[in-house]
Amino acid sequence: ALDAASDVARGALEAVAQREAEASRAVWDVLARAGELLASGAAEFGARTDVREVITNALQRAFEALPDGQRDQFTSGWGAFYDALPPEAAAAAAEAARRFGDVSASGGAALIAGIVAVVFTSKLFATTDDSSGMDEWAALASAEGDVEPAELRRYDPKATQKYFSTRPLTLLKRGVRSFALLGSFTVQLRIDRKLAGENMSDEAKMRLNTKRATQLRNLLVSLGPTYVKLGQVLSSRADLLPAEYIEELRVLQDKVPPFNDDLARRILTRELGESTAKRLTLGDTPIASASLGQVYKGTWLNDKGELEEVAVKVQRPGALVAISLDVGIIRAFAEPWRKFNNLNSDLEGLVDEWGRRFIAELDYNEEATNGEKFAAAMAKRSDLGGVVTAAPVFRQASTRRILTTGWIDGERLQDSKAGGTTQFFFGVL
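Residues numbered from 1 in each chain as written. Predicted model: local features only at pLDDT ≥ 70, side-chain atom pairs only at ≥ 80, totals over all residues. Heavy atoms only, no water.

## Some points on the overall build of the protein
The condition is simple: Helical segments are the DSSP runs of H or I of at least four residues, strand segments are the runs of E of at least two, and each set is numbered from the N terminus. Note on exposure labels: buried denotes an accessible area under 20% of the residue type's maximum, exposed denotes more than 50%, and partly exposed covers the range between, all computed with a 1.4 Å probe on protein chains only. Contacts: residue pairs with any heavy atoms within 4.5 Å of one another. Only the protein chains shown count as covering a residue, and every accessible area follows the Shrake-Rupley method with a 1.4 Å probe.
Helices and strands together make up the secondary structure of the protein, namely 19 helices and five strands. Taken over 429 residues, the protein has a buried fraction of 43%. Sequence separation of at least 24 residues holds for 71% of the intrachain contacts in the protein that already meet a minimum separation of 6. For the protein, the exposed area adds up to about 22,900 Å²; of that, 52% sits on carbon and sulfur atoms.

This is the structure:
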């Protein structure tokens, strides 16, 4: 009898998992279709465009384009969404849903309107400033137990979609949030071009670019590690962006809002073990903070009982899950965008290459190995040995998510006042 009951329970769990997976596949389809629809209507945006209405309509049309079975899966899969809403969010959802009728009667259309209203009026969609950090991803890390799922440690689009098929609410919230924030910024740029015309003075253009560049930096920070990394890449592309954008995005190289110091220390202890962590003494605050982690200056008590100055990099909590989710969503939009713009580029291939490199950067063991190889190669050079090197790695105090190296005083080449830096740079290349 016990075995029979166990079989029944197992069958019920498998049925629930299957329904979740089907609902999630419907969500992926809705997001991809909505992206194509929104892109096709972007040219018509004007100064009076209601971004929320545009997104709602795009999602609604995408929902209506689904086969009947998938529409049912989508609608039934999100009934619990409203049950978990706080009162103010539930009120916003109900008001939006009334445009399309009662949720139970109109199904997906009303549900979509309510979801968009929720994310636009909740803290999830609030515009963040420099002091806010990336708290969304700290929350995600807490929900996930701050683990690094084994199936996400190497980039695999199918594995990513399978993993998030069991977390459809996470997928939907993130997709809609990214979709709306980036879409809203794009609309602002289009409005600027329409209102300014071709006769804007250089001074006015500089002021507008500075304002929009600051907004973009804050937007990328609020969206988390994936988009901060994108901003870092763009900060080196003076051939693509105005100088005001380049200057603002360079801030993302090492001045991203840090996450909580106590959390960083807990991660350090969990990764290294209590006895090894006690041999490290960190400064009160990080000296630098970027997309994937933050760096502390500290000391290491070596085996001889001597203190050595070190730099300790601690990875942001939830970074692997956050990045995998974002890359998966971006990839879902790549093919519709390519088709709409009639591009010959393999956008999915480009996203895959970016995703592989990005996920690989999260393995600090690989970074440590590469640093050691580089230092060894430079030491063998008669022209560069003793001149170019990399900080020594402290393997005892390093893991996949913690990297401890020797401390080296120096300055960036771009900030150096010393002569001959350009010639030195090209000589190394």
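## A word on the nonpolar core
Our working definition: The definition of a nonpolar core used throughout is a set of buried Ala, Val, Leu, Ile, Met, Phe, Trp, Tyr and Cys residues joined through side-chain atoms within 4.5 Å.
Counting 25 residues, the largest nonpolar core has Leu292, Ile323, Ile359 and Leu362 as the members making the most contacts within it. Broken down by secondary-structure element, the contributors of at least two residues to this core are helix 9 (157–164), helix 10 (168–196), helix 16 (319–340), helix 17 (347–361) and helix 18 (364–379). No other element matches helix 16, which puts nine residues into this core. Ala264, Ile267, Leu272 and Ala397 belong to the second-largest nonpolar core, a separate cluster that totals 16 residues.

## A short note on the pattern of salt bridges
Rules: Salt bridges are defined by distance alone: a side-chain nitrogen of Lys or Arg within 4 Å of a carboxyl oxygen of Asp or Glu.
In total, this model carries 17 salt bridges according to the counting rule given. Arg237 is paired through a salt bridge with Asp239; the nearest N and O atoms lie 2.7 Å apart. A salt bridge links Asp352 to Arg331; the nearest nitrogen and oxygen atoms lie 2.7 Å apart. Remark: Arg331 occurs in helix 16 and Asp352 occurs in helix 17; sequence separation between them is 21 residues. Under the relative-accessibility criterion, Asp352 is labelled buried at 12%.

## Quick notes on helix 17
Note the threshold: In a helix, the anticipated span is given by 1.5 Å times the number of residues less one. It is the directions from the helix axis to the C-beta atoms whose arc is reported.
Counted at 1.5 Å a residue, the expected span for helix 17 with its 15 residues is 21 Å, and the 21 Å between its end C-alpha atoms agrees. Within the sequence span of helix 17, burial applies to Leu347, Val351, Asp352, Gly355, Phe358 and Ile359. All buried residues of helix 17 project into a common sector of 135° when viewed along the axis, lining one side. Opposite the packed face of helix 17, turned more than 90 degrees from it, sit the exposed residues Leu350 and Arg357. Contact partners of the buried residues in helix 17: helix 9, helix 12 (225–234) and helix 16.

## Some details on the packing of aromatic side chains
We count it as follows: Pairing of aromatic rings covers Phe, Tyr and Trp, the last through its six-membered ring, and needs centres within 6.5 Å; plane angles under 30 degrees mean stacked, over 60 mean edge-to-face, and all others mean tilted. We call a charge positioned above a ring when the Lys NZ or Arg CZ atom is no farther than 6 Å from the ring centre and deviates by at most 35 degrees from the ring normal.
The final tally for this structure, using the stated rule, is two aromatic pairs. Consider the rings of Tyr163 and Phe164, whose centres lie 5.0 Å apart with planes at 90°: the pair is edge-to-face. Lys313 extends its terminal NZ or CZ atom over the ring of Tyr364, reaching a point 4.8 Å from the ring centre.

## Section: the packing of helix 9 against helix 16
Test applied: Axis definition: a line fit to C-alpha positions, over the contact stretch in the case of helices; interaxial angles, taken between N-to-C directions, run 0 to 180 degrees. Any angle between 65 and 115 degrees counts as roughly perpendicular, while under 35 counts as roughly parallel, over 145 as roughly antiparallel, and the rest as oblique. Polar here means any residue outside two lists: the nonpolar Ala, Val, Leu, Ile, Met, Phe, Trp, Tyr, Cys and Pro, and the charged Asp, Glu, Lys and Arg; Gly therefore counts as polar.
Helix 16 packs onto helix 9 with a crossing angle of 110° between their chain directions and a minimal axis gap of 10 Å. Accordingly, the angle class assigned to the pair helix 9 and helix 16 is roughly perpendicular. Of the residues in helix 16, those touching helix 9 at Pro157, Thr160, Tyr163 and Phe164 are Val321, Ser324, Leu325, Gly328 and Arg331. Taken together, the residues that form the contact of helix 9 with helix 16 break down as five nonpolar, three polar and one charged.

## Details of the packing of helix 12 against helix 16
Across the interface, helix 12 lies against helix 16 with an axial gap of 8 Å and an inter-helix angle of 70°. Classed by the angle they form, the pair helix 12 and helix 16 counts as roughly perpendicular. Here Pro225, Thr226 and Tyr227 of helix 12 lie close against helix 16, whose contacting residues are Ala322, Ile323, Asp326, Val327 and Ile330. Considered class by class, the residues forming the contact of helix 12 with helix 16 number six nonpolar, one polar and one charged.

## What to know about the environment of Lys373
Relative to the assigned elements, Lys373 resides in helix 18. You can call Lys373 exposed: its relative accessible area is 55%.

## Re the confidence of the model for the protein
To keep things clear, this is the line we draw: What pLDDT reports is the predictor's confidence in each residue, on a scale of 0 through 100.
On average, residues of the protein score 74 in pLDDT, and 61% of them are at 70 or above. Contacts for the low-pLDDT stretch residues 100–107, under 50 throughout, to residues beyond four places or in other chains number 14 contacts. Under a pLDDT of 50 for its full length, residues 118–135 has, in the predicted model, 37 contacts with residues more than four places off or in other chains.

## Examining the pairing of strand 5 (residues 402–406)
Formally: When DSSP finds at least two bridges between two strands, those strands are taken to pair.
Among the five residues that make up strand 5, five are buried, leaving the element largely enclosed by the rest of the structure. In this structure, strand 4 (residues 307–315) lies alongside strand 5, joined through five bridges in antiparallel fashion. Each residue of the ladder has a partner; that of Val314, found in strand 5, is Ile402.

## Some remarks on the environment of Thr369
Within the secondary structure, Thr369 is located in helix 18. Given the relative accessible area of 26%, Thr369 is considered partly exposed. In the structure, Thr369 is positioned 24 residues away from Val393 in sequence and 8.5 Å away in space, judged by C-alpha atoms.

## Brief notes about helix 16
The line we're drawing: Note that the bend at a residue is defined as the angle between axes fitted to the seven residues ending at it and the seven residues starting at it.
In a regular helix each residue adds 1.5 Å, so 22 residues correspond to 32 Å; helix 16 covers 32 Å between its end C-alpha atoms and thus fits that length. Within helix 16, the axis deviates most sharply at Ala334, by approximately 30°, and proline Pro336 lies no more than four positions further along. Positioned one or two residues after helix 16, Asn342 has a phi angle of 55°, which is positive.

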